[in-house]
Each structure stands twice: as structure tokens, then as C-alpha cells.
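Structural overview
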Amino acid sequence: MPARRCAGRQCIYFEKTADRNWLVAPHQDLSVPVAQQVAAPGWQGWSAKEGHWFVQPPATWLAHMVAVRLHLDDCGPSDGPLRVLPGTHTQGRLSPTSMATLRQQGTETVCTAPAGAALLMRPLLVHASSKSTGTSRRRVLHFAFGPATLPHGLRWHTTAFTPFHMGAGLALKAVAGRHFSVLTFGMAQVAMDIEPLVGMLRGAAVLHGPTHTYLGAVPIALATAVLAPWMCRPLL
């Protein structure tokens with residue numbers, strides 16, 4: 001995990017099937033979502049997608065980010081798994097020509113995984129995927145984590161926050177079944193996210209404070225686990 005305190009910044013859902021199939025050429029994940037365009041030294045490649053701003057930070061800053069790919073289904077060699085070039089995350093930003101050369105010279109690793117497995121990677125790691133050649137479904141939740149604050153007056157783009165965590169909750173439910181309560185999990189996330197909600201309303205620079213640390217989150221989780229059955233019984 002990054003040396004600095006980090007928080008979830010983005011969640012992307014991928015579903016690859018025989019009907020929804022694609023390939024991804026070798027690349028690095030260079031863009032991050034921010035609230036607005038700001039003149040920031042070293043931050044480049046500004047773009048707007050679906051009404052939101054994205055920018056490419058310096059490689060030294062991207063090195064503080066980490067991505068977690070949570071597999072909801074088995075992903076075998078025929079399911080279009082992720083392919084990576086190990087160690088390329090230490091070489092900074094690479095041109096397409098450099099990536100192609102490294103791919104020819106290096107050893108590509110195919111990242112197959114069973115359902116419930118999590119793959120951790122740096123955004124600067126060169127990665128790609130082929131089309132699925134099988135008939136099964138490959139679903140992945142891709143979470144991006146970064147430092148709590150940004151430099152040069154930049155701010156993270158903030159969206160509805162509890163749904164971000166609920167992606168992980170639904171994934172755990174798929175794996176754990178009746179041993180995991182999505183309702184209790186959701187109530188705990190809402191309780192934790194009162195703090196960033198207040199911060200958003202007040203325009204605070206740091207949204208994730210004590211309730212998003214182990215010392216703050218554990219008591220909230222325990223209290224919710226005790227109170228949730230009593231609170232939800234009239235609704236069920």
C-alpha cells in the first residue's frame with residue numbers, strides 16, 4: 001500500500017463475456033479524476049469525460065497509487081485475463097514504442113485468478129488483456145486508491161461515496177453467501193460516510209478523517225453489527 005494515508009478514489013466495473021468482448025493493448029493507467037481544471041506544474045493531459053475532469057499526474061506521484069482488482073468470477077486462460085510486464089512500474093511513464101520493445105524483450109505474466117481473488121498492482125505497471133475465447137463470464141471490480149489530498153490546489157472528484165464501498169460489499173456477498181449481510185455492511189458504510197458528507201458540505205480539503213482509520217472504523221462496525229438486526233427487524 002502507499003506510504004501516505006490513502007483512500008478509495010475510483011471504482012470501475014468490467015464484465016467480459018462472449019457477447020461483450022474486447023481486447024486492451026499494452027498501456028499504463030495515467031489519468032486520475034479531479035474536481036476541476038487547475039494550473040498545476042507537471043500535471044498534464046487534461047481531458048473531460050462524461051462531464052468530469054481527468055489529468056495525468058507526474059510519474060513520481062502515480063507511484064503512490066495502487067489498484068485492487070477483485071475477481072467476482074473464475075478467470076482462466078480463455079477468459080481474457082490481465083497480462084502484465086513485471087517490474088515496469090518502476091520505469092516511470094513509457095511511450096507506446098518503449099512498451100512494445102519491453103514486451104518483446106521481457107516475460108509477460110498472465111494473471112489468472114479464482115473467484116474472490118484480489119490482484120494488487122501499480123497504475124504504472126504495463127498491462128493488457130486479450131479477447132475472451134471461452135463462453136464463461138469474467139467480472140472484475142477495479143478499485144483505485146490514492147493519497148487523501150492532492151497538491152497545487154487540486155481536489156479529487158467526489159461522487160456518491162457509499163456506493164463505492166458497496167461494490168466491495170456485493171463482491172463479498174457473492175463469495176460469502178448467507179455468512180455476510182449486505183444490509184449491515186451498507187449501514188456501517190453510511191455511518192462512516194457521515195464524516196466525508198459533512199466535509200463536502202463544508203468544503204473541507206480532507207474528507208476522510210478519524211472514521212476512516214482502523215481505530216475509528218472498528219467501533220462503528222461493531223456497533224452496527226449489534227444494532228442492525230434490531231433496527232432492521234421491523235422492515236424485514
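1. Let's talk about the packing of aromatic side chains
The final tally for this structure, using the stated rule, is three aromatic pairs. Cation over ring: K16 sits above W22, and NZ or CZ is 5.1 Å from the ring centre. A cation over a ring is seen here: K49 above F54, with NZ or CZ 5.3 Å from the ring centre.

2. What to know about the sheet that holds strand 2 (residues 24-27)
Consider a sheet: its strands pair through backbone hydrogen bonds, and that pairing is either parallel or antiparallel. Spatially, four strands are ordered 2-10-7-8 in an open sheet, and the strand pairing comes out antiparallel. At either end of the open sheet lies a strand with only one pairing partner, and these are strand 2 and strand 8 (109-111). On average, each strand axis in the sheet is inclined to that of its neighbour by 25°, with strand direction left out of account. As defined by bridge partners, strand 2 adjoins strand 10 (residues 127-129) across two bridges and the pair is classed as antiparallel. Residue pairing in the sheet places H27 in a bridge with H127 of strand 10.

3. A closer look at the nonpolar core
With 15 residues, the main nonpolar core has V32, W43, W61, M65 and L150 as its most contacted residues. Sorting the residues of this core by element identifies strand 3 (32-34) and helix 1 (59-62) as the ones contributing at least two each. With near-sequence residues (within four places) excluded, V32 lies in contact with W43, W53, F54, V55, P57, W61, L62, M65 and W156.

4. Here's the deal with the side chain of K16
On the secondary structure map, K16 appears in strand 1 (residues 6-16). Buried within the structure, K16 lacks any salt-bridge partner; D79 is the closest side chain of opposite charge, at an N-O distance of 9.4 Å. A polar side-chain atom of K16 sits 3.3 Å from the main-chain carbonyl oxygen of W22. Within polar-contact distance, the side chain of K16 engages the side chain of S129 at 3.3 Å. Leaving out residues up to four positions away in the same chain, K16 has contacts with N21, W22, D79, G80, S129, S130, S132, S136, R137 and R138.

5. Things to note about the layout of surface pockets
Estimates place the volume of the second largest pocket at around 570 Å³. Forming the boundary of the second largest pocket are 27 residues, of which I12, F14, H27, D29 and H142 lie nearest the centre. Of all elements in the fold, only strand 1, strand 2, strand 3, strand 6 (66-71), strand 10 and strand 11 (138-147) reach the threshold of two or more residues within the lining of the second largest pocket. Tallied by class, residues from the lining of the second largest pocket come to 17 nonpolar, six polar and four charged.

What counts as what
Residues numbered from 1 in each chain as written. Predicted model: local features only at pLDDT ≥ 70, side-chain atom pairs only at ≥ 80, totals over all residues. Heavy atoms only, no water. Phe/Tyr/Trp six-rings, centres within 6.5 Å; stacked < 30°, edge-to-face > 60°. Lys NZ or Arg CZ within 6 Å of the ring centre and 35° of its normal. Pairing = 2+ DSSP bridges. Helix = DSSP H or I, 4+ residues; strand = E, 2+ residues; numbered from the N terminus. Axes fitted to C-alpha atoms, helices over the stretch in contact; angles between N-to-C directions. Core = buried A, V, L, I, M, F, W, Y, C linked by side-chain atoms within 4.5 Å. Buried < 20%, exposed > 50% of the residue type's maximum accessible area, 1.4 Å probe, protein only. Contact = heavy atoms within 4.5 Å. Lys, Arg positive; Asp, Glu negative; His and termini not counted. Salt bridge = Lys/Arg side-chain N within 4 Å of Asp/Glu carboxyl O. Polar contact = N/O pair within 3.5 Å; in protein donor to acceptor, adjacent residues only side chain to side chain. 1 Å grid on protein atoms, 1.4 Å probe; cavity = no way out; pocket = protein on both sides within 12 Å on 5 of 7 lines; lining within 4 Å. Points joined across faces, edges and corners; volume = space filled by probe spheres on them. Nonpolar A, V, L, I, M, F, W, Y, C, P; charged D, E, K, R; others polar.

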